[in-house]
Amino acid sequence: MASQFLIYVGEFMLTRRYAKRTISTYLYWIKFFILFHHKRHPNDMGDAEVESFLSYLANERHVAVKTQATALNAICFLYRQIIRKPLSQDMQFNQARTAQKLPVVLTTQEVYQLLLHINPQHKLLAQLMYGSGLRLMEAARLRVQDIDFDYLSVMVWQGKGNKNRRTTLATEMVSALKEQMTQVQRYFDFDLQNPDYAGVWLPYALARKYPAAPKQLGWHYLFPSSRLSIDPESHLHRRHHIDETTVRKAIKSAAYKAGIEKRVTCHTLRHSFATHLLESGADIRTVQEQLGHSDVKTTQIYTHVLQRGGNSVISPLSRII
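Just so it is clear, the model here is predicted, and its values are computed rather than measured.

Undergrad: What exactly am I supposed to notice about the packing of aromatic side chains here?
TA: In this description, an aromatic ring pair is defined by two values, namely the gap between the centres and the angle between the planes. Applying the stated criterion across every chain, the model contains 14 aromatic pairs. For the ring pair Phe32 and Tyr56, a centre distance of 6.4 Å and an interplane angle of 80° mean the geometry is edge-to-face. Of this pair, Phe32 sits in helix H2 (residues 20–36) while Tyr56 sits in helix H3 (residues 47–59); the two residues are 24 residues apart in sequence, bridging distant segments of the chain. The exposure class assigned to Phe32 is buried, which follows from its relative accessible area of 16%. Site record: aromatic cluster; members linked through ring pairs are Tyr28, Trp29, Phe32, Phe33, Phe36, Phe53, Tyr56 and Tyr79. Across from the ring centre of Phe12, 3.6 Å away, lies the NZ or CZ of Arg16, which sits over that ring. Lying across the ring of Phe149, Lys178 places its NZ or CZ 5.2 Å from the centre.

In structure tokens form, the structure reads like this:
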């Protein structure tokens, strides 16, 4: 039986328009925190219990820095918004020290082979992730009107950190994207003939501001699902975007068929986009803007393969052999 307390927390976040993934993540860590302290109610705990829990994650579970930070954010939200007893700013706990991993980057030839072997159904989306540096969900959630052919750019709305940005679009993709929009038009025309069709899902504020938008082509997903589904919140018939898990499987399968021995994921294409931009001479600030990073330090990780002064770093061994 589900905890009534956790149900309340979930409903509280839902009514305040938190993203579904944020809700599920926060509920996971809040539940973990409660179970760690033998199901004591958070109202009966405080800084000391939070410190011991976070230290446990670092010392026993050996979680990554970002994982521990996510757990802390979830518990801080719990005490600030639900319990109404904000935690101290000076808590003492062992911080996770997991070394940051270097990103896996494909060579241009490996990217070519990957795209050559990928399922045609997912090729265009994979090309966007590499050609425009998009995260998987940013690409999957693109709407028809987010492609700007005049300025050869892609507009990303409410990306990670709820940030908006404009990134580049390869000229070579224009024709394929227009063909994709033709396919979306076919779905659109077919759906409008269905009396149960309620239009595409829009964020709450946009749905109120533009009540006619759900049934306008421009707002529909660029990569739609092949079938209609029922919105779990409104219980209306809608056409959602493509299932991201199918894209992950397609990338993994293509890497295997291409004989690429590196650990390839969808995010590898974004890493490769950033690294190849730097290799081609783009300055790091430009790459930062393209990726949507708030801090240039996040972008600097890609300089591990950057050619400086036009020449790669030469090993001293090469000079004596």
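Undergrad: Explain the side chain of Arg238 here, please?
TA: Along the chain, Arg238 turns up in strand S5 (residues 237–238). Since its relative accessible area comes to 14%, Arg238 is described here as buried. Here Ala198 takes part through its backbone oxygen, which lies 3.4 Å from a polar atom of the side chain of Arg238. Excluding residues within four positions of it along the chain, Arg238 makes contact with Tyr197, Ala198, Gly199, Val200, Trp201, Leu228, Ser229 and Asp231.

Undergrad: Would you take a moment to explain helix H1 (residues 4–15) for this structure?
TA: In an α-helix, one turn spans 3.6 residues; hence positions three or four apart end up facing the same way. The end-to-end C-alpha distance of H1, which contains 12 residues, comes to 16 Å, matching closely the 16 Å that a straight helix rising 1.5 Å per residue would cover. All buried positions along H1 are accounted for by Phe5, Leu6, Val9, Gly10, Phe12 and Met13. Projected down its long axis, H1 carries its buried residues within an arc of 160°, all on one side. Relative to its buried face, H1 has exposed residues pointing more than 90 degrees away, namely Gln4 and Thr15.

What counts as what
- Residues numbered from 1 in each chain as written.
- Predicted model: local features only at pLDDT ≥ 70, side-chain atom pairs only at ≥ 80, totals over all residues.
- Heavy atoms only, no water.
- Phe/Tyr/Trp six-rings, centres within 6.5 Å; stacked < 30°, edge-to-face > 60°.
- Helix = DSSP H or I, 4+ residues; strand = E, 2+ residues; numbered from the N terminus.
- Buried < 20%, exposed > 50% of the residue type's maximum accessible area, 1.4 Å probe, protein only.
- Lys NZ or Arg CZ within 6 Å of the ring centre and 35° of its normal.
- Polar contact = N/O pair within 3.5 Å; in protein donor to acceptor, adjacent residues only side chain to side chain.
- Contact = heavy atoms within 4.5 Å.
- Expected span 1.5 Å × (residues − 1).
- Arc of directions from axis to C-beta.

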